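Now for the letters of each chain:
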Amino acid sequence: AASFGDTCRFFSSKSGDKQISLSQYVKQMKPGQKYIYYLSGESKDSVSKSPFLERLLKKGYDVLYFVDPIDEYLSNHLSEFEVDKETKYKLMSASKEGLKIGDDDEKEKKKERALKEEFSALTDWFKDALTGKVEKVSMSKRLQASPAIIVTGQYGWTANMERIMKAQALNDPQKY
């Protein structure tokens, strides 16, 4: 029997103009891939150009595009997809804190630690400059070409969900 999650269809970074199910996504995952990656946004075009995808796409991962407002609600309630009793995959937002790509070896981790140390003065400067405006400033390896991004907290709303909620409040900041 098909699960609720499998009845949904999404565009992805590799599907072109065709929508795919979660089962189809899982069948074409890279060997050893542990997560179902997704990014929510206003349109397929804007999501496909997002800097949040840089490293995932460079590593050859397929990313689901959640571009319908209902997808945003779905992502808050569908945290994993069960293929069978032994196989489950967690959904991982490319725009939230804690993105795990799962392909880091010890050499990459050592390089990351060295970069964090090298740029600690810069991150400290940003923390001071942005005090009260951001929760945290940290180095990240999720980017390849872009200099910086603002990431949503692990349990916070994505920028797309904030946009949806503001639209529902009829642009009245008192309701939001």
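In the block above lies the structure referred to throughout.
Sequence positions are assigned chain by chain, starting from 1 and proceeding in written order. With the structure being a predicted model, the display of local features is reserved for residues of pLDDT at least 70 and the display and counting of side-chain atom pairs for 80 or more, all residues being used for whole-chain, interface and lining totals. Only hydrogens and water are set aside when side-chain values are computed; all heavy atoms of the structure are taken into account.

Peer 1: Hey, could you go over a nonpolar patch on the surface for me, with residue numbers and the actual values?
Peer 2: A grouping of Leu115, Phe119, Leu122, Trp125 and Phe126 is seen on the molecular surface, where their side chains present a nonpolar patch of about 460 Å² in accessible area. Looking at where Trp125 falls in the secondary structure, it is placed in helix 7 (residues 120-129). By definition, no residue in a patch forms a salt bridge, and every one has over 30% relative accessible area; like charges are joined within 9 Å, nonpolar side chains (Val, Leu, Ile, Met, Phe, Trp, Tyr) within 5 Å. Using a 1.4 Å probe, the Shrake-Rupley method yields the accessible areas, and only the shown protein chains count as cover for residues. When a carboxyl oxygen of Asp or Glu lies within 4 Å of a side-chain nitrogen of Lys or Arg, that pair is called a salt bridge. Secondary structure elements are defined from DSSP: runs of H or I of at least 4 residues count as helices, runs of E of at least 2 residues count as strands, and each element is numbered from the N terminus.

Peer 1: Before we move on, could you go through the pattern of salt bridges and cite the residues and values that matter?
Peer 2: Counted under the stated rule, the structure contains 8 salt bridges. Among the ionic pairs, Lys49 bridges to Asp45, the shortest N-O distance being 3.2 Å. Partly exposed describes any residue whose relative accessible area lies between the buried limit of under 20% and the exposed limit of over 50%, with all areas from a 1.4 Å probe on protein chains only and scaled to the type maximum. Exposure remark for Lys49: the relative accessible area of 62% places this residue in the exposed category. In this structure, the salt-bridge partner of Glu108 is Lys59, at a minimum N-O distance of 3.8 Å. Highlighted residues: Glu108 in helix 6 (residues 106-118) and Lys59 in the loop between helix 4 (54-58) and strand 3 (64-66), separated in sequence by 49 residues. Overlapping salt bridges bring together Arg55, Lys59 and Glu108 as one network.

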